[in-house]
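Chain and residue survey
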Amino acid sequence: MDKVIITCAVCGAETTKEKCPNLPITPKEIADSTYEAYLAGASIVHLHVRNNDGTPTQSVEVFKEAITLIRKKCDIVIEITTGGAVGMTPEERIAPVKLEPDMASLDCGTVNFGNDYIVNTLPIMKKFAEEMNKYKVKPTLECFDLSHILSSQILIKENLIKPPYHYGFVMNVPGALGFNSKQLSIMIDHIPLESEFTVMGIGKAHIPAVYSAIAFGGHIRVGYEDNIYYSKGVVAKSNAEFIERAVRLVKEAQKEVAKPIDVRKFFKLRD
Ligand code: ZN
């Protein structure tokens, strides 16, 4: 794909309002922040939802409310999380797929998350892929490590995932693979033909990941889930602020930013 897809991860499960005062929490705040990101140039929203007290939830009702509000505002491609948050069961994590979002993340292996961890065995991954196929939801294959790419290939071999594949390299999570361009290029070397990849640089990896995604011909993810600082010590005013900068960098590189319609066509998403 020639155009660059920019995904906005608007709130995630871990970011707190204390550290990030403008973090969207309620379905309405999430929909408003998503719409601002869309106007700024995001074509996919990576969606988590929260309880009113700010704690993460995979509640189908809360996801439904957020998705309905977003769809009323714009045609941004909606990718829900099935990673959920630390401590959730696989059944909880996969439940909102029945809402038929356009896409969903599919974690491709067990991963350390600071002092916590998220378990993704092959049977869990296969079950998630089957559920996504049932509801015609396109998976983003989230890989936190090289071995996760190899695990994803087992699902591909078993015909549980169809091309074109969308990989998401989540880099610099504490306890998982760090970010540098050499490690990124090794990840890229291992993905199958007919793949696109989005680079997700966590924390300090944010800016280098954006530049590397452009340089390596990939796609970009930014937003409060991955990083809250616009510059050193300065918390971003909004998710849109990150998107605006990513759009500027893509244009400086003489590339075009993809629109939601481009993403829908390329990945053959449900109409
Ligand atoms: Zn997420």
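We now turn to the structure provided with this report. (Residues numbered from 1 in each chain as written. Predicted model: local features only at pLDDT ≥ 70, side-chain atom pairs only at ≥ 80, totals over all residues. Heavy atoms only, no water.)

Notes on the overall build of the chain
Looking only at helices and strands, one finds nine helices and 14 strands in the chain. On C-alpha atoms alone, the chain measures out to a radius of gyration of 17 Å, which is about the 18 Å that the 2.2 N^0.38 rule sets for 271 residues. When its C-alpha atoms are laid out on the principal axes, the chain stretches across 45 × 40 × 40 Å. Counting the 271 residues in the chain, one finds 56% classified as buried. Long-range pairs, those at least 24 residues apart, make up 72% of the contacts in the chain with a sequence separation of at least 6. Accessible area for the chain stands at about 11900 Å²; split by element, carbon and sulfur atoms hold 53% of it. (Helix = DSSP H or I, 4+ residues; strand = E, 2+ residues; numbered from the N terminus. Rg over C-alpha atoms; globule rule 2.2 N^0.38 Å. Buried < 20%, exposed > 50% of the residue type's maximum accessible area, 1.4 Å probe, protein only. Contact = heavy atoms within 4.5 Å. Areas by Shrake-Rupley, 256 points an atom, 1.4 Å probe, with all protein chains shown as cover.)

Focus: helix H4 (residues 122-134)
Taking 1.5 Å as the rise per residue, H4 with 13 residues should run 18 Å; its terminal C-alpha atoms sit 18 Å apart, in good agreement. Those residues of H4 that are buried are in contact with helix H3 (90-94), strand S6 (103-107), strand S9 (138-143) and helix H5 (146-157). Backbone geometry just after H4 places Lys136 at a positive phi near 55 degrees. (Expected span 1.5 Å × (residues − 1).)

Details of the layout of surface pockets
Empty space among the atoms becomes visible once a probe the size of a water molecule is rolled across them. For the largest pocket, the calculated volume is near 760 Å³. Along its surface, the largest pocket is lined by 35 residues, and Glu14, Thr15, Phe113, Ile202 and Glu225 are the ones closest to its centre. Where the lining of the largest pocket is concerned, the elements lending two or more residues are S6 and strand S8 (116-118). (1 Å grid on protein atoms, 1.4 Å probe; cavity = no way out; pocket = protein on both sides within 12 Å on 5 of 7 lines; lining within 4 Å. Points joined across faces, edges and corners; volume = space filled by probe spheres on them.)

Looking at the environment of Ala42
By the element assignment, Ala42 lies in the loop between helix H1 (27-40) and strand S2 (44-47). Sequence separation of Ala42 and Val77 is 35 residues, and the distance between their C-alpha atoms is 9.1 Å. In contact with Ala42, other than residues within four places in its own chain, are Ile6, Cys8, Ala37, Ile76 and Ile243.

Describing the nonpolar core
Grouped together as the largest cluster of nonpolar side chains are 75 residues, with contacts concentrated most on Leu47, Tyr167, Phe169, Ile220 and Ile243. Considering each element in turn, this core owes the most residues, seven residues, to helix H8 (residues 239-252). Beyond its immediate chain neighbours, meaning those up to four positions away, Ile220 contacts Val4, Ile5, Ile6, Thr7, Thr198, Val199, Val210, Ala213, Ile214, Ala246 and Val250. Core analysis: the next-biggest nonpolar cluster, separate from the first, contains eight residues, Ile44, Val77, Ala258 and Val263 among them. (Core = buried A, V, L, I, M, F, W, Y, C linked by side-chain atoms within 4.5 Å.)

Focus: the sheet that holds strand S10 (residues 165-171)
If you walk around this closed barrel you meet the eight strands as S1-S2-S5-S6-S9-S10-S11-S12, and the pairing is parallel. For this sheet the average axis-to-axis angle between neighbouring strands, irrespective of direction, equals 25 degrees. Note that strand S1 (residues 6-9) and strand S12 (residues 219-222) share three bridges and pair parallel. Bridging across to S12, Thr7 finds its partner in Arg221. In the packing of H5 onto the sheet, the strands contacted are S9 and S10, and the crossing angle to S10 comes to about 160 degrees. Those strands touched by H8 are S1 and S12, and its axis lies near 165 degrees from that of S1. (Pairing = 2+ DSSP bridges. Axes fitted to C-alpha atoms, helices over the stretch in contact; angles between N-to-C directions.)

Side note on the packing of H1 against helix H2 (residues 60-73)
One way to put it is that H1 packs onto H2 with a least axis distance of 9 Å and a crossing angle of 35 degrees. For the pair H1 and H2, the sense of crossing is right-handed. Across the interface between the two elements, Pro27, Lys28, Ala31, Asp32, Thr34 and Tyr35 of H1 pack against Val62, Glu65, Ala66, Leu69, Ile70 and Lys73 of H2. The residue inventory of the contact of H1 with H2, partitioned by class, reads seven nonpolar, one polar and four charged. (Left-handed = near helix turned anticlockwise from the far one by under 90°. Nonpolar A, V, L, I, M, F, W, Y, C, P; charged D, E, K, R; others polar.)

Examining the coordination of the zinc ion
Protein-derived ligands of the zinc ion are His46 (NE2), His48 (NE2) and Glu225 (OE), with the metal-ligand distances lying across 2.1 Å. Read from N- to C-terminus, the donor residues coordinating the zinc ion fall into the pattern H-x1-H-x176-E. Like His48, His46 is buried. (Donors = N, O, S within 2.8 Å, 3.2 Å for Na, K, Ca; no water.)

Quick notes on the pattern of salt bridges
Note on pairing: side chains with opposite charge can pair once their charged atoms come close. Applying the stated criterion to the full structure yields 14 salt bridges. Here Glu131 and Lys127 are joined by a salt bridge, their closest N and O atoms 3.6 Å apart. Taken together, the positions of Glu131 and Lys127, both in helix H4 and four residues apart, correspond to about one turn of that helix. Assessed through its relative accessible area of 16%, Glu131 is described here as buried. Glu241 is the partner of Lys237 in a salt bridge, and the nearest nitrogen-oxygen pair spans 3.4 Å. Overall, Glu241 belongs to the buried group, its relative accessible area being 15%. It is possible to trace a salt-bridge network through shared partners that takes in Glu142, Arg221, Glu225 and Asp226. (Salt bridge = Lys/Arg side-chain N within 4 Å of Asp/Glu carboxyl O.)

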